[in-house]
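Summary of structural features
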Amino acid sequence: MALKDGLLAEIKHEAASTKKILEKVPVEHLSWKPHEKSMTLGRLASHVAEIPRWVSNIIRADEYNFQTQPMKRNDAQSKEELLTLFEETLNKAVADIEAVDNEELFKTWTVKNGEHTVFQLAKIGSLRGWAYNHLYHHRGQLSVYLRLLDIPVPGMYGPSADESMV
C-alpha cells in the first residue's frame, strides 16, 4: 500500500466535514470577529477553504519561502465563492496526492522566511502538520465563530449539540 492511499482517504473524508461547515458561514457576518486580535469570519472561512493549497505546495516543491513566494489570500464574498475556492484547492490537492510516490513523500520540505529557515520536515510530516492539522485547527475555530453567532454547528465526528444521532 502506498502512503498516498491513506492521505487520499483522509482528505476526501475530511472534505465532507469541511464543506458542511463552510456551507453554514453566514455571509451577512463576514466582517464579524469575536475579538480585536481575531480574524474576521470571512477571512477565517476563506483561509479554511484555501488551506488545501498547502498540500500542492508541499508535494510540488522542496521549499517554500514566504518572502519570495507570498501567499495570495482569497477573501470570498459569497457562499458560492467560498465553496468554489474550497473545491478548486481540494481538487488540485487530491490530484497532486494521486500523482505523488512514496519516495517524494520522504524528501525534506523546508519553510523559510528570507534566509531564515523556519523548519524542515519530511513532506509526509509537513502534509500532516502544515496542511491537514492546520485545516482541522482552523475548522475548529470556525465552529466556535458559528456558535458565538448562534448558527447551528454541524457535527464533524458525530452529531453536534445542534444535531441528533438519527
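Described in the following lines is the structure provided in the data block. (Residues numbered from 1 in each chain as written. Predicted model: local features only at pLDDT ≥ 70, side-chain atom pairs only at ≥ 80, totals over all residues. Heavy atoms only, no water.)

This paragraph deals with the nonpolar core. Counting residues in each nonpolar core, the largest one holds 45 residues, and the members touching the most others are Ile11, Leu22, Val55, Ile97, Tyr132 and Leu142. Elements represented by at least two residues in this core include exactly helix H1 (3-23), helix H2 (41-50), helix H3 (53-60), helix H4 (79-99), strand E2 (108-113) and helix H6 (123-148). If one sorts the elements of this core by residue count, H6 sits on top with nine residues. In this view, Ile97 contacts Lys4, Leu7, Leu8, Ile11, Val55, Ile59 and Tyr132; residues no more than four positions away in its chain are not counted. (Core = buried A, V, L, I, M, F, W, Y, C linked by side-chain atoms within 4.5 Å. Buried < 20%, exposed > 50% of the residue type's maximum accessible area, 1.4 Å probe, protein only. Helix = DSSP H or I, 4+ residues; strand = E, 2+ residues; numbered from the N terminus. Contact = heavy atoms within 4.5 Å.)

All chains considered together, the criterion is met by nine salt bridges. Two residues, Glu50 and Arg43, come together in a salt bridge whose shortest N-O distance is 3.0 Å. Here the two residues Glu50 and Arg43 agree in accessibility, since each one is buried. As a salt-bridge pair, Asp75 and Arg43 come within 2.8 Å of each other at their nearest N and O atoms. Here Asp75 is found in the loop between strand E1 (63-65) and H4, whereas its partner Arg43 is found in helix H2, with 32 residues between them in sequence. On the accessibility criterion, Asp75 (41% relative accessible area) is partly exposed. (Salt bridge = Lys/Arg side-chain N within 4 Å of Asp/Glu carboxyl O.)

With that settled, the discussion passes to the packing of H1 against H6. The geometry of H1 relative to H6 is characterised by a closest axis approach of 11 Å and an angle of 15° between their N-to-C directions. In terms of axis orientation, H1 runs roughly parallel to H6. Crossing of H1 against H6: the hand is left-handed. Taken together, the residues of H6 that come into contact with H1 (itself represented by Leu3, Leu7, Leu8, Glu10, Ile11, Glu14, Ser17, Thr18, Ile21 and Leu22) are Ile124, Leu127, Arg128, Tyr132, Leu135, Tyr136, Arg139, Leu142, Ser143 and Leu146. Counted by class, the contact of H1 with H6 contains 13 nonpolar, three polar and four charged residues. (Axes fitted to C-alpha atoms, helices over the stretch in contact; angles between N-to-C directions. Parallel < 35°, antiparallel > 145°, perpendicular 65-115°, else oblique. Left-handed = near helix turned anticlockwise from the far one by under 90°. Nonpolar A, V, L, I, M, F, W, Y, C, P; charged D, E, K, R; others polar.)

Quick look at the pairing of strand E3 (residues 116-122) now. As paired strands, E2 and E3 are joined by six bridges and run antiparallel to one another. Its bridge partner lying in E3, Thr108 is registered against Ala122. Linking E2 back to E3 in an antiparallel pair, the connection comprises two residues, with Gly114 at a positive phi of about 70°. (Pairing = 2+ DSSP bridges.)

Taking 1.5 Å as the rise per residue, H1 with 21 residues should run 30 Å; its terminal C-alpha atoms sit 31 Å apart, in good agreement. Residues of H1 that are buried include every one of Leu7, Leu8, Ile11, Glu14, Ala15, Ser17, Thr18, Ile21 and Leu22, and no others. Buried residues in H1 make contact with H2, H3, H4, helix H5 (102-105) and H6. (Expected span 1.5 Å × (residues − 1).)

This part covers the packing of aromatic side chains. Any aromatic ring pair is given by two values, namely how distant the centres are and how the planes are angled relative to each other. Going through the model one piece at a time under the given rule, you end up with ten aromatic pairs. An angle of 75° between the planes, with centres 6.2 Å apart, marks the rings of Trp54 and Trp109 as edge-to-face. In this pair, Trp54 is assigned in helix H3 and Trp109 in strand E2, connecting sequence segments 55 residues apart. Ring plane angle 70° and centroid distance 6.0 Å describe the contact between Trp109 and Trp130, whose orientation is recorded as edge-to-face. Within this pair, whereas Trp109 is found in strand E2, its partner Trp130 is found in helix H6, the two being separated by 21 residues in sequence. When its relative accessible area of 0% is taken as the criterion, Trp109 is described as buried. Put simply, the rings of Trp54, Tyr64, Phe66, Trp109, Phe119 and Trp130 pair up and form one aromatic cluster. (Phe/Tyr/Trp six-rings, centres within 6.5 Å; stacked < 30°, edge-to-face > 60°.)

This part is about the pairing of E2. Both E1 and E2 contribute to a ladder of three bridges, which runs parallel. Its bridge partner lying in E2, Tyr64 is registered against Val111.

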